[in-house]
Amino acid sequence: MDTEKIVQGQRDFFKTQQTKSLAYRKMYLEKLRNLIISNETMLYEAIDKDFGKSKFDTLTTELSFVLNDIDYYLKHIKSLARPKKVGTNLVNQLGNSKIYADPLGCILVIGAWNYPYQLSLSPIVAAMAAGNCCILKPSEIAENTMKAMAKIINDNFPPEYLYVYEGGIDETTALLQLKFDKIFFTGSTKVGKIIYKAAAEHLTPVVLELGGKSPAIVTKNANLEIAAKRIVWGKFLNAGQTCVAPDYLLVEETIQEQFLEMLRKYIQEFTYEADSEQYTRIINQRNFQRLAHLIDKDKIYFGGSLNEKKLFIEPTILNQVDWKDEIMQEEIFGPILPVISFKNYNIALNAILELEKPLAAYLFTNNTEEKEQFTQKLSFGGGCINDTIMHLSNDNLPFGGVGSSGIGNYHGKYGFDTFSHQKSVLEKATWGEPNIKYPPYSEKKLSWIKKLL
Ligand code: NAD
């Protein structure tokens, strides 16, 4: 379908006001929920073809996320959409003030491949809940999931309301020529800049959900068993292809040896093997080669075996890594964990401050002072103390980056707000009109104004 036609169709449809009705929003949210449930098998098969992601991981990290989002909005849509009454200042008496959550119009969502369902469907669910029309451009790199989403949505939704546009760079570039009311992008910082520039041409607001190097810090005051188990899980989930995965590990020198042994133990216990249910493939040859190149053989503490045909990279720990090493210069986005030791906690925090602001940060400690310094000193999108990744499963926490890891946020109430304009309306009574602000001015009026202001 012609891009201009689809976008114009959505613009025209938005003007009919139909998407603003709560009944309309709910009807289609319910429809999407039912379609996801009834097409579950097709969705599992598509993601398995794309990168060998298991049913278990697809349900827990993708579909259940989207279904929970739908349920959240169905439950809360009335209160989220209700105009919020706020106080009215003295000079505006007699009046009342309200903020309306106003749908924006036509939204473009551009998805990434690594959690193709969650990262494409969760933003459109929030956009629909907020009363918008939406075009989704999933990542072409996960081709089968892109096609599965296009089939489910384009066969069942009116294109003037919701449409999946399939394509890669050329198609996205063409879409970006058009005017949208908001662009919601998930992907790399490099492409994020391209999106931001294109959006600026139309003064289109953006949400950029980007990546970065997210640290995990383990001090001697941590519960080491729990820390090791949770870091191994967070790092090797989806074979490390997770935007909020711990990218690298900073571990206090005195516990380094003991802790690395624990990491090894959990990697073995979790049986991350080629073709196993627990372990995902690397998405493609290009990423496989990029990752293989980052493994410095002299620094392998654990793992390091590769199988290019199966796109398998064994969970790998690199020890004695230096900040200047190649692996510390870019987001890894794969199952390689570089470890750097530190003597002094404060110096470790200062080293993180030297880098770009990460999407996530994780601290493992039971020491109050260390927790305090972590939350006060570091700037990062979001994170956990004594866990990894799980912060984004809490609807009450906004999810998004800061600095080069992103602009804006979503999830729960924040997703609804992201796709709404906060429209302020002051309503005045038509009686009791003081003449004080109107010309002609006088000294007496001025002295009253001084008192009032
Ligand atoms: P990517 O930036 O290569 O691609 C993302 C999307 O942009 C795709 O839909 C792609 O078709 C499109 N695209 C790619 N090149 C383009 C171009 N030149 N012009 C216009 N559109 C273009 O990212 P990816 O490889 O899909 O995902 C990996 C990156 O995404 C990592 O950096 C990761 O940290 C980040 N990420 C962030 C989040 C988050 O929520 N913050 C989630 C997942 C992934």
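What counts as what
Residues numbered from 1 in each chain as written. Predicted model: local features only at pLDDT ≥ 70, side-chain atom pairs only at ≥ 80, totals over all residues. Heavy atoms only, no water. Helix = DSSP H or I, 4+ residues; strand = E, 2+ residues; numbered from the N terminus. Buried < 20%, exposed > 50% of the residue type's maximum accessible area, 1.4 Å probe, protein only. Contact = heavy atoms within 4.5 Å. Near = heavy atom within 4 Å. Polar contact = N/O pair within 3.5 Å; in protein donor to acceptor, adjacent residues only side chain to side chain. Areas by Shrake-Rupley, 256 points an atom, 1.4 Å probe, with all protein chains shown as cover. Nonpolar A, V, L, I, M, F, W, Y, C, P; charged D, E, K, R; others polar. Domains from an automatic or database assignment. Patch = residues over 30% accessible without salt bridge, like charges linked within 9 Å, V, L, I, M, F, W, Y side chains within 5 Å. Salt bridge = Lys/Arg side-chain N within 4 Å of Asp/Glu carboxyl O. Expected span 1.5 Å × (residues − 1). Arc of directions from axis to C-beta. Pairing = 2+ DSSP bridges. Axes fitted to C-alpha atoms, helices over the stretch in contact; angles between N-to-C directions. Core = buried A, V, L, I, M, F, W, Y, C linked by side-chain atoms within 4.5 Å. Buried area = accessible area lost by both parts, 1.4 Å probe. Lys, Arg positive; Asp, Glu negative; His and termini not counted. Charge placed at Lys NZ, Arg CZ, Asp CG, Glu CD. Disulfide = S-S within 2.5 Å. Phe/Tyr/Trp six-rings, centres within 6.5 Å; stacked < 30°, edge-to-face > 60°. Lys NZ or Arg CZ within 6 Å of the ring centre and 35° of its normal.

With that out of the way, let us pick up the overall build of the protein chain. Along the protein chain, the regular secondary structure elements total 15 helices and 18 strands. Seen along its three principal axes, the alpha-carbon backbone of the protein chain occupies a region of about 85 × 55 × 35 Å. Looking at the protein chain as a whole, 52% of its 453 residues are labelled buried. For the protein chain, long-range pairs separated by at least 24 residues make up 71% of all intrachain contacts whose partners lie at least 6 apart in sequence.

Taken together, the neighbourhood of the ligand is formed by 26 residues, with Gly111, Glu140, Ser188, Leu210 and Glu331 sitting nearest. Contact between the ligand and Gly111: an oxygen atom at 2.7 Å from a main-chain N or O atom of the residue. Ser188 has a polar side-chain atom sitting 2.6 Å from an oxygen atom of the ligand. Protein contacts shield 90% of the accessible area of the ligand, which totals 840 Å² for the unbound molecule. Considering only residue class, the shell around the ligand consists of 14 nonpolar, 8 polar and 4 charged. Counting contributing residues, the shell around the ligand receives three or more from each of domain 1 (3–210 + 402–425) and domain 2 (215–398).

Here we come to a nonpolar patch on the surface. Nonpolar side chains collect at one region of the surface, where Leu90, Val91, Leu452 and Leu453 lie side by side and expose about 420 Å² of accessible area between them. By secondary structure assignment, the location of Leu452 is in helix H15 (residues 443–452).

What follows covers helix H2 (residues 22–38). Helical geometry: 3.6 residues make up each α-helical turn, so side chains three or four residues apart lie on a common side. The terminal C-alpha atoms of H2, which comprises 17 residues, lie 24 Å apart, in line with the 24 Å expected from a rise of 1.5 Å per residue. Listing the buried residues of H2 in full gives Tyr24, Arg25, Tyr28, Leu29, Leu32, Leu35 and Ile36. With its buried residues spanning 130° around the axis, H2 presents them on a single face. Opposite the buried face of H2, by more than 90 degrees, sit the exposed residues Ala23 and Ser38.

Here 6 strands make up an open sheet; going across it, the order is E5-E4-E3-E6-E7-E17 and the pairing mixed. Looking at the sheet topology across the chains shown, the edges are occupied by strand E5 (162–164) and strand E17 (406–407). Where strand E3 (residues 106–110) meets strand E4 (residues 133–137), 5 bridges bridge the pair, whose relative direction is parallel. Following the sheet pairing, Leu108 is matched in E4 by Ile135. Here helix H7 (residues 169–176) sits on the sheet in contact with E3, E4 and strand E6 (182–186), set at roughly 155° to E3.

This paragraph deals with the nonpolar core. The biggest cluster of nonpolar side chains holds 124 residues, and the ones touching the most others in it are Ile217, Val218, Leu249, Phe259 and Leu263. Top contributing element to this core by residue count: helix H4 (residues 55–81), with 11 residues. Excluding its chain neighbours within four sequence positions, the residues that come into contact with Leu249 are Ala216, Val218, Ile231, Phe259, Leu263, Leu337, Pro338, Val339 and Ile340. Listed in part, the 20 residues of the second largest apolar core include Cys106, Tyr165, Leu175 and Leu210.

Two side chains that carry opposite charge are able to pair once their charged atoms sit near each other. For the coordinates displayed, the defined rule picks out 16 salt bridges. Taking the shortest distance from any N to any O, the salt bridge between Glu62 and Lys53 comes out at 2.8 Å. The exposure classification of Glu62 matches that of Lys53, with both residues buried.

In terms of domains, the protein chain is made up of domain 1 (3–210 + 402–425) and domain 2 (215–398). Centre-to-centre separation of domain 1 and domain 2, based on C-alpha positions: 30 Å. Each partner contributes to the interface: domain 1 provides 29 residues, whereas domain 2 provides 27 residues. Across the domain 1/domain 2 interface, buried area totals approximately 2,200 Å², and carbon plus sulfur atoms make up 55% of it. By the criterion of area lost to domain 2, the three top residues of domain 1 are Phe51, Trp113 and Val402, representing 23% of everything that side buries.

It is worth spelling out a positive patch on the surface at this point. A surface patch of like charges, here positive, comprises Lys26, Lys78, Arg82 and Lys84. Structurally, the position occupied by Lys26 is in helix H2.

On inspection of all chains with the given rule, the structure shows 0 disulfides. Between Cys133, a cysteine without a disulfide, and Cys106, which holds the nearest cysteine sulfur, the sulfur-to-sulfur distance is 6.4 Å. No disulfide involves Cys243; its nearest neighbouring cysteine sulfur is the one of Cys384, lying 12 Å away.

Mapped onto the fold, Lys137 is located in strand E4. When its relative accessible area of 2% is taken as the criterion, Lys137 is described as buried. Within polar-contact distance, the side chain of Lys137 engages the side chain of Glu140 at 3.3 Å. Those residues in contact with Lys137 that sit more than four places away from it in its chain are Leu108, Val109, Ile110, Gly111, Tyr165, Gly167, Gly168, Thr172 and Leu175.

Moving on to the sheet that holds strand E13 (residues 316–318). Read from one edge to the other, the open sheet built from 7 strands follows the order E10-E13-E14-E9-E8-E15-E16, with strand pairing classed as mixed. Sheet topology places strand E10 (300–302) and strand E16 (382–385) at the edges, where each strand pairs with a single neighbour. Within this sheet the neighbouring strands show an average axis-to-axis angle of 25°, counted without direction. Here strand E8 (residues 215–218) runs beside strand E9 (residues 248–252); their pairing, made up of 4 bridges, is parallel. Residue Pro215 lies in a different strand from E9, and its bridge partner there is Tyr248. Against the sheet, helix H12 (residues 345–353) contacts E8, E9, strand E14 (336–342) and strand E15 (360–364), and its axis sits at roughly 180° relative to E8.

Moving on, we get to the packing of aromatic side chains. For the structure on display, the rule yields 19 aromatic pairs. Aromatic side chains Trp113 and Phe333 sit 5.6 Å apart centroid to centroid with 80° between the ring planes, which places their arrangement in the edge-to-face category. Separated by 220 residues along the polypeptide, Trp113 in the loop between E3 and helix H5 (116–129) and Phe333 in the loop between E13 and E14 bring together distant segments of the chain. The same class applies to Trp113 as to Phe333, namely buried. The ring of Trp448 has Lys451 sitting right over it, with the charged end atom 5.2 Å from the ring centre.

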